[in-house]
Amino acid sequence: KSAMELLSKKQKALKSAQSKLAEVQGRLDTLKSQYDESVASKEKLRIESETLEAKLERAQQLVDGLSGERSRWDTSASALEEQIEKLIGDCLAAAGFLSYCGPFPADYR
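Residues numbered from 1 in each chain as written. Predicted model: local features only at pLDDT ≥ 70, side-chain atom pairs only at ≥ 80, totals over all residues. Heavy atoms only, no water.

A.B. asks: Help me understand the overall build of the chain in this model?
C.D. replies: In terms of regular secondary structure, the chain is built from one helix and zero strands. Here the C-alpha atoms of the chain give a radius of gyration of 45 Å, more than 25% beyond the 13 Å that 2.2 N^0.38 yields for 109 residues. With respect to the three principal axes, the spread of C-alpha positions in the chain is 150 × 25 × 15 Å. Taken over 109 residues, the chain has a buried fraction of 0%. Surface accessibility of the chain: about 10,400 Å² in total, with carbon and sulfur atoms responsible for 62%. Taken as two groups, the 17 positive and 18 negative side-chain charges of the chain have centres that lie 24 Å from each other. (Helix = DSSP H or I, 4+ residues; strand = E, 2+ residues; numbered from the N terminus. Rg over C-alpha atoms; globule rule 2.2 N^0.38 Å. Buried < 20%, exposed > 50% of the residue type's maximum accessible area, 1.4 Å probe, protein only. Areas by Shrake-Rupley, 256 points an atom, 1.4 Å probe, with all protein chains shown as cover. Lys, Arg positive; Asp, Glu negative; His and termini not counted. Charge placed at Lys NZ, Arg CZ, Asp CG, Glu CD.)

Shown next as structure tokens:
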């Protein structure tokens, strides 16, 4: 009898230990899946960060390139303003030239 009682106690202890093991294994699986999700999220964020850094670098290169264009545009704008100031005189000279070289002979001019 005592061997049967001892076996029964040991089987209960084994079942108790197995249920605890199953519970711990379930928690371990949950934590492992959370860890895997975190690692995947970290990798995704790292790739996104590298992509954004590359975009930022290209944007900086574009801005630097356009800053040179600004000086060129300022120079062009200044030149055009000077030409506008001289436009009236140029038109007057062109009108005089066309009148002088027009279809009328010198007697009619």
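Having put the structure on the table, let's press on.
A.B. asks: Looking at this structure, how should I read the pattern of salt bridges?
C.D. replies: Close approach of charged atoms allows side chains with opposite charge to pair. Following the criterion strictly, the structure yields four salt bridges and no others. The salt bridge involving Glu43 is made with Arg46; its shortest N-O contact spans 2.2 Å. Remark: Arg46 and Glu43 occur in helix 1 (residues 2–100); sequence separation between them is three residues, near one turn of the helix. The residue Glu69 makes a salt bridge to Arg72 at a minimum N-O spacing of 2.9 Å. Of this pair, Glu69 and Arg72 both sit in helix 1, three residues apart, which is roughly one turn of the helix. Taken together, the shared-partner salt bridges in this structure form one network comprising Glu43, Arg46 and Glu50. (Salt bridge = Lys/Arg side-chain N within 4 Å of Asp/Glu carboxyl O.)

A.B. asks: Explain the state of the cysteines to me, please; I cannot follow it from the model alone.
C.D. replies: Working definition of a disulfide: a covalent bond connecting the sulfur atoms of two cysteines. Enumeration according to the criterion identifies zero disulfides in this entry. Not engaged in a disulfide, the cysteine Cys91 finds its nearest cysteine sulfur in Cys101; these two sulfurs lie 17 Å apart. (Disulfide = S-S within 2.5 Å.)

A.B. asks: I keep staring at the environment of Lys86 and nothing clicks. Help me out?
C.D. replies: Note on placement: Lys86 falls in helix 1. A residue is classified by how much of its surface remains accessible, and Lys86, at 52% relative accessible area, is exposed. Through-space distance from the C-alpha of Lys86 to that of Gln34 is 76 Å; in sequence the pair is 52 residues apart.

Functional significance is not addressed by these values, which are geometric in nature.
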